[in-house]
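One letter stands for each residue in the lines below.
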Amino acid sequence: MAGTEARRGQDIGIDLGTANTLVYLRGKGIVLNEPSVVAMDRKTGEVLSVGAEAKRTLGRTPADVVASRPLQDGVIADFEGTRHLLRYLMAKATGTGGRWFRAKPRVVVCVPSGITGVERRAVIEAVGSAGARSVHLIEEPMAAAIGAGLPVQEPTGSMVVDIGGGTTEVAVVSMGGMVAARSIRVAGDRMDAAITRQVKKDHGLLIGERTAEELKLTIGSAGPVPEDEEGPAEHLVRGRDAVEGLPRTATVTAAQVREALDEPVAEIVLAVRQTLDTVPPELAGDVMGHGVMLTGGGALLRGLDRRIARETGLPVRVAENPLDCVAVGSGKCVEDLEELRRTFARSV
């Protein structure tokens, strides 16, 4: 019995994200949150660093070292990189180094609702090759709804919008299933890319993704915000002159960043409206009453909740801990894998 409990304690929930990967350990909660970045030697294929350490090297590596994100748009773009990332994070989360592989944990992994069968198989194979005994997939919007505390098992409609790094997941859930769902590959990364283009257009300055993300977090917004919530009006950035190729600085304003973010935000709002169009009238009424729950890192963008509310006519609120919702949802399934099999996941 003790051996069984020890094995059960190793069960893991993973929010496998484009930007960050969170790991939930059964009985302990979220134990790890690291960037989904791997640095490898081009010549030997040796993994040099993973996670936060690897992210610090983005854009700063020599020619024979490549630091990259093995997941793009919410799916696996580099199988070997993803396998190394998972092996490292799962071992680190359990705190037992390589010895945890003897326990062969069961793993629940969150995946975008719109991925193909081939992409699902790639996730299963990557997690399995990292040492899992069995792999269970749960769609991200369902995990987000569970983690946000929505009544997913009740016969009432609840709408969740999960905005991550690679994808935005929109879904209406009821009675343990998704009644309507839409997955678009427009999220945090697309916002950063839009800011990069805007800075080049307005200032003739080339900046990296880390600088673009800093601009988004510091002065970014989805629309006008109340004075008491306004951040700085401008931000000084460093980059490379697009014409002369020399380093220089520029002052980017909040209005310029807001202009850059307008297009990706509009696509997210459109996805919400299109999902609502496919919902049965009864559930649409429920959503009108309960409102929309925003989760994921993108939910923290200033003014996004107000813009969605203004353009859909629905009440919108941000989850208490939006960054953790998907991981917490996967963790709740880890705590009761039998319930997971019956309702939410596809098991292999």
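Figured I'd write up the structure that's included with this text. The structure presented is a predicted model; accordingly, all values stated were derived computationally and were not measured.

1. Notes on the side chain of Arg307
By the element assignment, Arg307 lies in helix H10 (residues 304–312). When its relative accessible area of 8% is taken as the criterion, Arg307 is described as buried. Within the structure, Arg307 has its side chain in polar contact with the backbone oxygen of Ala222 (distance 3.2 Å). A distance of 3.0 Å separates the side chain of Arg307 from the side chain of Glu311, its partner in a polar contact.

2. Considering the sheet that holds strand S5 (residues 47–50)
Overall, antiparallel pairing links the three strands, which are arranged S5-S4-S6 in an open sheet. What marks the edges here is a single partner per strand, and that holds for S5 and strand S6 (65–68). Between one strand and the next, the sheet's axes are offset by a mean angle of 15°, whatever the strand orientation. Relative to S6, strand S4 (residues 38–41) runs antiparallel, the two being bridged by four bridges.

3. Details of the environment of Ala171
You can see Ala171 is positioned in strand S12 (residues 168–174). With relative accessibility at 0%, the residue Ala171 sits in the buried group. Among residues more than four places away in sequence, those in contact with Ala171 are Pro141, Ser158, Met159, Val160, Met178, Ala180 and Ala181.

4. Quick word on the packing of helix H6 (residues 188–203) against helix H7 (residues 209–219)
Helix packing for two helices is described by the angle between their axes and how far apart those axes are. Running from N to C, H6 and H7 cross one another at 100°; their axes reach a closest spacing of 9 Å. Looking at the two axes, H6 sits roughly perpendicular to H7. Of the residues in H7, those touching H6 at Gly188, Met191, Asp192, Ile195, Thr196 and Val199 are Glu209, Ala212, Glu213, Leu215 and Lys216. A per-class count over the contact of H6 with H7 returns five nonpolar, two polar and four charged.

5. What about the sheet that holds strand S13 (residues 177–184)?
Reading across the sheet, the five strands line up as S13-S12-S11-S17-S18 and stay open at both edges, with mixed pairing between neighbours. With partners counted over all chains shown, the strands left at the sheet margins are S13 and strand S18 (316–318), one partner each. Looking at each pair of strands side by side, their axes are set apart by 20° on average, direction ignored. Note: S12 against S13, seven bridges, orientation antiparallel. Paired with Thr168 across the strands is Ile184, a residue of S13. Against the sheet, helix H8 (residues 254–277) makes contact with strand S11 (158–163), S12 and S13, and its axis sits at roughly 150° relative to S13, the strand it touches most.

6. Comments concerning the nonpolar core
Within the largest apolar cluster, 43 residues are counted, with the highest numbers of intra-cluster contacts made by Met159, Ile195, Leu215, Val265, Leu294 and Leu304. When residues in this core are grouped by element, the largest group, ten residues, is from H8. Beyond its immediate stretch of four places on either side in the chain, Leu304 contacts Ile163, Ala222, Val265, Leu294, Gly298 and Ala299. By size, the runner-up hydrophobic cluster in this structure holds 29 residues, among which are Leu16, Leu25, Ala93 and Val109.

7. Quick notes on unusual backbone geometry
It is generally the case that most residues other than glycine have a negative phi and that most peptide bonds are trans. The phi torsion at Asp73 lies on the positive side, around 55°, for a residue other than glycine. The backbone of Met175 shows a phi angle near 55°, a positive value even though the residue is not glycine. Following the sequence through the fold, Met175 ends up in the loop between S12 and S13. What makes Met175 exposed here is its relative accessible area of 60%.

8. A few points about the environment of Cys325
Secondary-structure assignment places Cys325 in helix H11 (residues 325–335). Overall, the relative accessible area of 4% leaves Cys325 in the buried class. Cys325 sits 30 residues away from Thr295 along the chain, and the two C-alpha atoms are 6.6 Å apart. With residues near it in sequence (within four places) discarded, Cys325 still touches Ala143, Ala144, Gly147, Ala148, Thr295 and Ala319.

9. Things to note about the side chain of Asp41
Secondary-structure assignment places Asp41 in strand S4. Of the side chains with opposite charge, Lys43 comes closest to the buried, unpaired Asp41, at an N-O distance of 6.6 Å. At 2.8 Å, the side chain of Asp41 forms a polar contact with the backbone nitrogen of Lys43. The residues contacting Asp41, other than those within four sequence positions of it, are Glu46, Leu48 and Asp64.

10. Topic: the pairing of S5
Relative to S5, S4 is paired through three bridges, and the arrangement is antiparallel. Along S5, the bridge assignment pairs Ala39 with Ser49. Between S4 and S5, which pair antiparallel one after the other, the connecting turn spans five residues, and Gly45 there sits at a positive phi close to 75°.

Thresholds applied
Residues numbered from 1 in each chain as written. Predicted model: local features only at pLDDT ≥ 70, side-chain atom pairs only at ≥ 80, totals over all residues. Heavy atoms only, no water. Helix = DSSP H or I, 4+ residues; strand = E, 2+ residues; numbered from the N terminus. Buried < 20%, exposed > 50% of the residue type's maximum accessible area, 1.4 Å probe, protein only. Polar contact = N/O pair within 3.5 Å; in protein donor to acceptor, adjacent residues only side chain to side chain. Pairing = 2+ DSSP bridges. Axes fitted to C-alpha atoms, helices over the stretch in contact; angles between N-to-C directions. Contact = heavy atoms within 4.5 Å. Parallel < 35°, antiparallel > 145°, perpendicular 65-115°, else oblique. Nonpolar A, V, L, I, M, F, W, Y, C, P; charged D, E, K, R; others polar. Core = buried A, V, L, I, M, F, W, Y, C linked by side-chain atoms within 4.5 Å. Lys, Arg positive; Asp, Glu negative; His and termini not counted. Salt bridge = Lys/Arg side-chain N within 4 Å of Asp/Glu carboxyl O.

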